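# Topology and contacts: notes
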Amino acid sequence: MNMTKTLTTASLLSMLSFGAFAATQINDEQADSRQPMGTISVDGVASSPMDMNQMLNKKATEQGASAYHIIEARSGDSWHATAELYK
């Protein structure tokens with residue numbers, strides 16, 4: 001539950017810090033109405049969930065996605081996340 005709150009907060013902060021051309025993070029309902037185009041992952045993010053979201057956003061934008069949805073995230077010594085990309 002705490003991880004969900006952390007990811008939600010980080011997601012909101014990351015959306016505010018990126019320009020109009022960056023991919024946006026979306027929720028389950030929003031993902032249902034979009035066309036998937038693959039997945040991306042980030043590993044070894046040692047700092048914060050916000051940094052993890054920034055890395056996901058950067059990768060999604062580089063691959064031409066307009067949005068991404070985090071489908072898996074975990075922390076330990078470092079953060080790991082997998083996200084599905086959408087057109």
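Our structure's up above, just so we're on the same page.
Here the residue index of a chain counts from 1 through its sequence in written order. Local features in a predicted model are, by the rule used here, given only for residues with pLDDT of at least 70; side-chain atom pairs are given and counted only at 80 or more, and totals for whole chains, interfaces and linings are based on all residues. Side-chain figures throughout are based on the complete set of non-hydrogen atoms in the structure, without hydrogens or water.

Turning to the pairing of strand β4 (residues 79–86), a few remarks are in order. With 7 of 8 residues buried, β4 lies mostly within the body of the structure. Two strands pair if DSSP finds at least two bridges between them. Only DSSP runs of H or I reaching four residues or more are called helices, and only runs of E reaching two or more are called strands; each is numbered from the N terminus. Relative to β4, strand β2 (residues 36–45) is paired through 7 bridges, and the arrangement is antiparallel. When the bridges of β4 are listed, S41 appears paired with T82. Where strand β3 (residues 67–75) lies against β4, 8 bridges are found, and the strand directions are antiparallel. Across the sheet, the residue bridging to E72 is T82, located in β4. In sequence, β3 turns back onto β4 through a hairpin of 3 residues. A simple rule labels every residue: compare its accessible area, found with a 1.4 Å probe on the protein chains alone, to the largest value its type can have, and call it buried under 20%, exposed over 50%, or partly exposed in between.

Right, let's talk about the sheet that holds β4 for a bit. Adjacent strands of a sheet pair through backbone hydrogen bonds, lying either parallel or antiparallel. Pairing is mixed across the open sheet formed by 4 strands, whose spatial order is β1-β3-β4-β2. Every other strand in the sheet has two partners, leaving β1 (24–25) and β2 as the edge strands with one partner each. The sheet contact formed by β1 and β3 spans 2 bridges and is parallel. Residue pairing for β3: T24 is matched across the bridge by A67. Taken strand by strand, helix α3 (residues 49–62) contacts β1, β2, β3 and β4, and its axis lies near 140 degrees from that of β2. Residue contacts are defined here by distance: any two heavy atoms, one from each residue, within 4.5 Å place the two residues in contact. Between N-to-C directions, angles span 0 to 180 degrees; the directions come from axes that are lines fitted to C-alpha atoms, helices contributing only their stretch in contact.

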